[in-house]
2 protein chains.
Amino acid sequence: MRTPHVTIEAPVASRLPGPPPPSAAGPAKTKGAPGVQSESASTGVRTRSQHQRRKRIVQAAAALASRGGVEAMQMRTVAERAGVALGTLYRYFPSKMDLVVAVVGEEIDLLESSIERRPPGATTPPGRAVDVLMRATRGLMREPELADALIRSLIMAEVDTPFGDRMAGLLLRVAGDGLTAETATEEQFALAGSLASVWVHELLEMLRGRRTYEQIQRRIEIAATRLLVDFQPPPSA
Amino acid sequence: MRTPHVTIEAPVASRLPGPPPPSAAGPAKTKGAPGVQSESASTGVRTRSQHQRRKRIVQAAAALASRGGVEAMQMRTVAERAGVALGTLYRYFPSKMDLVVAVVGEEIDLLESSIERRPPGATTPPGRAVDVLMRATRGLMREPELADALIRSLIMAEVDTPFGDRMAGLLLRVAGDGLTAETATEEQFALAGSLASVWVHELLEMLRGRRTYEQIQRRIEIAATRLLVDFQPPPSA
DNA sequence: CCGAAAAGTAGAACACATTCTATTATTTGT
DNA sequence: ACAAATAATAGAATGTGTTCTACTTTTCGG
């Protein structure tokens, strides 16, 4: 299982071979066509009660993680708090990591809707990117234990981790004023991705107690300024 | 223990409170002068046999990790292969992570001496940085299991992780032609650090099978070009 | 409504990091 | 060289993720 690939293989489509139920922590593969995609079909869910269960599980997990971090989020405890059997929990989330990924997914959803509600106001691409990243930073700082748990686990995750990609996409959108993974050049995409990874790293350093909020801001600004120079707002040119 | 800090406290000097013996997984602080460095004083070791033990342990650990990755590197097995008791192993390395850090330290040492032997030939700062990073990448690729194990563990590590810092320092040296953490500006240091974190991230993606060597190279080049623009070789100006 | 398949449950079982205990070397100060 | 201190050892014990078993409900096609 823990075999690193190194050479890309199949596009890593569906990871879970047999698992029949909902599961599909699969934050998905940037759904081929950005059209619809009823979450019922995608996740292979059957009934509504399964959605309920899944939600209860993720909720319980998040609540526990908000307290003592990943270690407080013990599978037995999560199952108990969610009112499901341990076996069921494992049916929904084949490993603790998958559960963590699901929790993170919700957090990112939150950030994205927050961005939509109140878009970054800065006038330059780097400015907007920094704005978004620092907003995300503050959000995560509110629940240090959870943030710590989530970020680390995500990095460790064997499962498909849309974290970096989603962040990169988000940055692309706000920095490139409407750019998407499709309309951006490969280079721009790479740059957004780089900025995202710098952010993640700084966040980790902060959680380790080796950076203050201000230091992170400074470093993110420095990196963003360099990395996003070519993101001149498309129209004005 | 798993409490993230968020607000910097004491400069996190010595982590191990009481542990009397060797320990000091401390891959050291980029030895001031690249000259000698009797490994006896630095680690606070007592006898020679302890050096032997320590070395045997790290060796056994590395060997095991080269095979099945972190999971093959089980503490019991390491202890056995190294010919020490489990308790002793834990006396030297309070946790598996510490052991991993030690193994990584050796790898980095290897890279550094390789760099010294054959310095990057490129003429631009970004070029030299890319050279070094890709050389490191190739080195790690030779033992994917080990690389995977090491990188992940390092990122997860609660312990002081000189990884990023050492890499940043190394980049600073090769890119800024002789710059050190001391002579560089805070900004340059931050930029080198950013590049290092981008590299680590790309490496992880590769180990996950989501990047090819070529893609990494391309991305590193893109990021390095932007991040190291101000690193103009100091003299020519 | 019936029976098979799928999902859920309770709880035992297993694996591995980490800790603890009792005992036996080794080292060290004098 | 001797006693106290320190290191090492063998191995049991603990904690938590993960797996497995046997059994009960739900769901669903007919």
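A quick note: this is a predicted structure, and the numbers were derived from the prediction, not measured.

Draft legend 1. Spotlight on the overall build of chain A. When helices and strands are tallied, chain A shows 10 helices and zero strands. Buried residues in chain A amount to 50% of all 237 residues. A fraction of 70% describes how many contacts in chain A between residues 6 or more apart in sequence connect residues 24 or more apart. Here chain A displays about 11400 Å² of accessible surface, and carbon together with sulfur accounts for 54% of that area.

Draft legend 2. Looking closely at the protein's contact with DNA strand D. Inspection of the region around DNA strand D gives 19 residues, with Gln74, Arg76 and Lys96 of chain A together with Thr88 and Tyr92 of chain B positioned closest. If you look at DNA strand D and keep only atoms within 4 Å of the protein, 71% of those are sugar or phosphate atoms. Here lysine 96 of chain A contributes a side-chain N or O atom positioned 2.6 Å from a phosphate oxygen of DNA strand D. At a separation of 2.9 Å, a phosphate oxygen of DNA strand D approaches a polar backbone atom of alanine 85 of chain B. The set of elements that each furnish at least two residues to the surface near DNA strand D consists of α3 (75-82) and α4 (86-92) of chain A together with α2 (48-66) and α5 (86-92) of chain B. Considering every element that reaches the surface near DNA strand D, the biggest residue donor is α5 of chain B, with three residues. For the surface near DNA strand D, the class distribution of residues is eight nonpolar, five polar and six charged.

Draft legend 3. Here's a closer look at helix α10 (residues 213-227) of chain A. Its 15 residues give α10 of chain A an end-to-end C-alpha distance of 21 Å, which sits within 8% of 21 Å, the value for a rise of 1.5 Å per residue. On the buried face of α10 of chain A, the contacting elements are α6 (125-141) and α9 (186-207) of chain A together with α10 (186-207) and α11 (213-227) of chain B.

Draft legend 4. Seen up close, the UniProt feature "DNA-binding region" (unreviewed entry) in chain A. Look at the UniProt record and you will see "DNA-binding region" (unreviewed entry) annotated at residues 74-93 of chain A. The span residues 74-93 of chain A shows a helical share of 75% and a strand share of 0%, and its end C-alpha atoms are spaced 13 Å apart.

Draft legend 5. Quick look at the protein's contact with DNA strand C. The immediate surroundings of DNA strand C are formed by 20 residues, with Arg53, Thr88 and Tyr92 of chain A together with Gln74 and Lys96 of chain B found nearest. Counting only atoms of DNA strand C within 4 Å of the protein, the sugar-phosphate share comes to 73%. Within the side chain of glutamine 74 of chain B, one N or O atom sits 2.8 Å away from a phosphate oxygen of DNA strand C. One of the side-chain nitrogen or oxygen atoms of lysine 96 of chain B is found 2.8 Å away from a phosphate oxygen of DNA strand C. At the level of elements, α2 (48-66) and α4 of chain A together with α4 (75-82) and α5 of chain B are the ones that each hand at least two residues to the surface near DNA strand C.

Draft legend 6. Representation of the nonpolar core. Trp199 of chain A together with Trp199 of chain B are the most contacted members of the largest nonpolar core, which totals 142 residues. Ignoring sequence-local partners within four residues, the contact set of tryptophan 199 of chain B consists of Leu133, Ala136, Thr137, Leu140, Phe163, Met167 and Ile220 of chain B.

Draft legend 7. Expanded view of the packing of helix α5 (residues 96-117) of chain A against α6 of chain A. All names here are of chain A. Orientation of α5 relative to α6, taken along the N-to-C sense of each, is 130°, at an axis distance of 11 Å. Between α5 and α6, the angle is such that the two are oblique. The two elements α5 and α6 meet at a crossing, and its hand is right-handed. Between α5 and α6, the residues in contact are Glu107, Leu111, Ser114 and Ile115 and Val132, Arg135, Ala136 and Leu140, respectively. Along the lines of polarity and charge, the residues of the contact of α5 with α6 split into five nonpolar, one polar and two charged.

Draft legend 8. Broad picture of the pattern of salt bridges. The final tally for this structure, using the stated rule, is 23 salt bridges over all chains. With its nearest N and O atoms 3.3 Å apart, the salt bridge here joins arginine 218 of chain B to glutamate 186 of chain A. Of this pair, arginine 218 of chain B sits in helix α11 while glutamate 186 of chain A sits in helix α9, placing the two residues on different chains. Exposure remark for glutamate 186 of chain A: the relative accessible area of 47% places this residue in the partly exposed category. Glutamate 202 of chain A is the partner of arginine 211 of chain A in a salt bridge, and the nearest nitrogen-oxygen pair spans 2.6 Å. Neither arginine 211 of chain A nor glutamate 202 of chain A differs from the other in exposure class; each is buried.

Draft legend 9. A look at the side chain of threonine 137 of chain A. Looking at the element boundaries, threonine 137 of chain A is found in helix α6. Other than its neighbours up to four places away in sequence, threonine 137 of chain A contacts Trp199, Leu203, Met206 and Tyr213 of chain A.

The rules we used
Residues numbered from 1 in each chain as written. Chains lettered and ligands numbered in written order. Predicted model: local features only at pLDDT ≥ 70, side-chain atom pairs only at ≥ 80, totals over all residues. Heavy atoms only, no water. Helix = DSSP H or I, 4+ residues; strand = E, 2+ residues; numbered from the N terminus. Buried < 20%, exposed > 50% of the residue type's maximum accessible area, 1.4 Å probe, protein only. Contact = heavy atoms within 4.5 Å. Areas by Shrake-Rupley, 256 points an atom, 1.4 Å probe, with all protein chains shown as cover. Near = heavy atom within 4 Å. Polar contact = N/O pair within 3.5 Å; in protein donor to acceptor, adjacent residues only side chain to side chain. Nonpolar A, V, L, I, M, F, W, Y, C, P; charged D, E, K, R; others polar. Expected span 1.5 Å × (residues − 1). UniProt positions renumbered as here; feature names shortened; annotations may be inferred. Core = buried A, V, L, I, M, F, W, Y, C linked by side-chain atoms within 4.5 Å. Axes fitted to C-alpha atoms, helices over the stretch in contact; angles between N-to-C directions. Parallel < 35°, antiparallel > 145°, perpendicular 65-115°, else oblique. Left-handed = near helix turned anticlockwise from the far one by under 90°. Salt bridge = Lys/Arg side-chain N within 4 Å of Asp/Glu carboxyl O.

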